[in-house]
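Fold and geometry: a report
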Amino acid sequence: MNKQRFLAILVLAILVIIVSLTSVYAAEEKTEKNSKLTILFEVGEKITDLFGYEDTDILDDIRYLRHSVSFNQKASSKLSYTISQLLERRNYEKNDLFDNKFTQTTVSATYRLGESECFLMPQELRTSYMFKLKDYVHTISGADNNDYEQNKFSLGISYIGDKKNWQIDYDTGINSFDYARNSINDEDKIFNQIQLRKKILNDRLDIYTGYKIQYAERKNGDDRTEPEKMVGFDFKPGLKYLSLVSFRFENGKTETREEEVREDIRDYNYARCITKINIPGPLRLSNSFAHRYI
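None of these values were measured; they are calculated from a predicted model.

1. Digging into the overall build of the protein chain
- Each helix and strand counted, the protein chain has one helix and 13 strands in total.
- Walking the protein chain from its N terminus toward its C terminus, one meets helices and strands in the order α-β-β-β-β-β-β-β-β-β-β-β-β-β.
- Taken over 294 residues, the protein chain has a buried fraction of 34%.
- Once local pairs closer than 6 in sequence are excluded, the contacts in the protein chain between residues at least 24 apart make up 52%.

2. Description of the pattern of salt bridges
- In this structure the tally under the stated criterion is 22 salt bridges.
- When the shortest N-O distance is used, the salt bridge between Glu-124 and Arg-112 registers 3.0 Å. In this pair, Glu-124 sits in strand E5 (residues 124-136) while Arg-112 sits in strand E4 (residues 100-112), placing the two residues 12 residues apart along the sequence.
- By relative accessible area, which is 11% here, Glu-124 ends up buried.
- A salt bridge links Glu-187 to Lys-189; the nearest nitrogen and oxygen atoms lie 3.6 Å apart.
- Looking at Glu-187, the relative accessible area reads 2%, which means it is buried.
- Here the residues in one salt-bridge network are Glu-187, Lys-189, Arg-218, Asp-222, Arg-224, Glu-226, Glu-255, Arg-257 and Asp-267, joined through shared partners.

3. Focus: a nonpolar patch on the surface
- A cluster of nonpolar side chains, contributed by Phe-153, Leu-155, Ile-174 and Ile-190, occupies part of the molecular surface with about 340 Å² of accessible area.
- Mapped onto the elements of the fold, Ile-174 is located in strand E7 (residues 166-179).
- Owing to a relative accessible area of 39%, Ile-174 belongs among the partly exposed residues under this scheme.

4. Section: the environment of Tyr-159
- The topology assignment puts Tyr-159 in strand E6 (residues 148-160).
- Judged by its relative accessible area of 16%, Tyr-159 falls in the buried class.
- Between the C-alpha atom of Tyr-159 and that of Gln-123, which follows or precedes it by 36 residues, the distance is 5.5 Å.

5. Brief notes about the side chain of Lys-212
- With respect to the element layout, Lys-212 can be found in strand E9 (residues 205-218).
- At 4.3 Å, Glu-228 is the nearest oppositely charged side chain to Lys-212, a buried residue that forms no salt bridge.
- Other than its neighbours up to four places away in sequence, Lys-212 contacts Phe-191, Asn-192, Gln-193, Glu-226, Pro-227 and Glu-228.

6. What about the pairing of strand E12 (residues 267-280)?
- Taken together, the 12 bridges between strand E11 (residues 244-255) and E12 define a ladder with antiparallel strand orientation. Following the sheet pairing, Asn-251 is matched in E12 by Ala-271.
- As paired strands, E12 and strand E13 (residues 286-293) are joined by eight bridges and run antiparallel to one another. Within E13, the residue paired with Cys-273 across the bridge is Tyr-293.
- Connecting E12 to the antiparallel partner E13 that follows it, the hairpin turn spans five residues, and Leu-283 within it adopts a positive phi of roughly 55 degrees.

7. Points about unusual backbone geometry
- With a phi close to 55 degrees, Leu-201 is a non-glycine residue in the positive phi region.
- Mapped onto the elements of the fold, Leu-201 is located in the loop between strand E8 (187-200) and E9.
- A residue is classified by how much of its surface remains accessible, and Leu-201, at 52% relative accessible area, is exposed.
- The phi dihedral of Asn-202 is positive, around 60 degrees, even though this residue is not glycine.
- Looking at the element boundaries, Asn-202 is found in the loop between E8 and E9.

8. Remarks on the packing of aromatic side chains
- If you walk through the whole model with that rule in mind, you get six aromatic pairs.
- Residues Phe-71 and Tyr-81 carry aromatic rings whose centres are separated by 6.3 Å and whose planes lie at 55 degrees to one another, so their mutual orientation is tilted. In this pair, Phe-71 sits in strand E2 (residues 61-74) while Tyr-81 sits in strand E3 (residues 79-92), placing the two residues 10 residues apart along the sequence.
- Here a set of aromatic residues connected by ring pairs shows up, and it is made of Tyr-148, Phe-177 and Tyr-179.
- Across the ring face of Tyr-208, the terminal group of Arg-248 is positioned such that the distance to the ring centre comes to 4.4 Å.

Scoring rules and cut-offs
Residues numbered from 1 in each chain as written. Predicted model: local features only at pLDDT ≥ 70, side-chain atom pairs only at ≥ 80, totals over all residues. Heavy atoms only, no water. Helix = DSSP H or I, 4+ residues; strand = E, 2+ residues; numbered from the N terminus. Buried < 20%, exposed > 50% of the residue type's maximum accessible area, 1.4 Å probe, protein only. Contact = heavy atoms within 4.5 Å. Salt bridge = Lys/Arg side-chain N within 4 Å of Asp/Glu carboxyl O. Patch = residues over 30% accessible without salt bridge, like charges linked within 9 Å, V, L, I, M, F, W, Y side chains within 5 Å. Areas by Shrake-Rupley, 256 points an atom, 1.4 Å probe, with all protein chains shown as cover. Lys, Arg positive; Asp, Glu negative; His and termini not counted. Pairing = 2+ DSSP bridges. Phe/Tyr/Trp six-rings, centres within 6.5 Å; stacked < 30°, edge-to-face > 60°. Lys NZ or Arg CZ within 6 Å of the ring centre and 35° of its normal.

Structure representation (structure tokens):
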């Protein structure tokens with residue numbers, strides 16, 4: 001059985017499970033279902049250096065066409081799921097070598113368990129699967145073929161405290177890249193991530209901290225560990241002209257394939273600070289101001 005057929009069967013199995021669970025809980029509960037269908041279409045031009053490219057990376061204009069469909073349903077008070085499909089095509093003005101098109105399919109579900117006095121019993125279970133197929137449209141004879149498939153699967157659990165005043169999220173999974181010809185770029189990543197959120201000051205202040213460790217096993221032998229750390233807070237002062245102050249600081253190691261706009265493959269260390277404030281406006285309008293330092 002080839003890989004495409006296996007993945008198609010896997011996605012179909014996930015859909016069957018979701019539909020089955022939906023039917024079961026729909027029969028048990030008479031709560032109203034909430035469904036949402038979102039269709040987006042976007043066309044335009046991007047400039048690569050606006051996305052933080054270094055001088056030695058690709059400096060070019062990109063014309064792109066993107067459209068996506070997403071369906072979300074709350075099947076019951078306990079079960080919700082999302083199915084989405086994204087298609088995009090990019091044409092580089094000078095570097096035709098990087099012209100490409102890709103499709104991305106994502107299926108995710110969240111199941112909320114009942115409250116329990118046992119700390120070892122989680123209150124929420126999550127799962128998601130993403131399949132991406134990226135094809136480069138080569139116009140230069142003899143160019144390397146960088147087409148690849150990406151499969152990302154994750155499982156998560158959440159422990160939620162009394163009155164939701166704290167929450168611990170744990171996620172684990174695998175993220176793999178499988179190249180059609182350049183198999184030297186093949187890579188399998190195993191990741192584990194934990195995040196803690198705590199509410200204080202009568203729910204006005206939310207404090208966040210998180211840690212992610214990812215191990216990359218590479219076909220070229222350049223295996224490496226990628227740790228990532230995060231701290232931050234959301235503060236709601238309750239003022240007339242200031243409704244939210246938010247701050248995040250992150251640092252760690254990652255690679256460019258995790259960034260959608262880039263076509264190169266590079267490892268790097270990073271530090272990122274994001275500050276955001278929300279200011280209420282008239283007629284129920286809201287103004288947001290954000291500053292990013294990367």
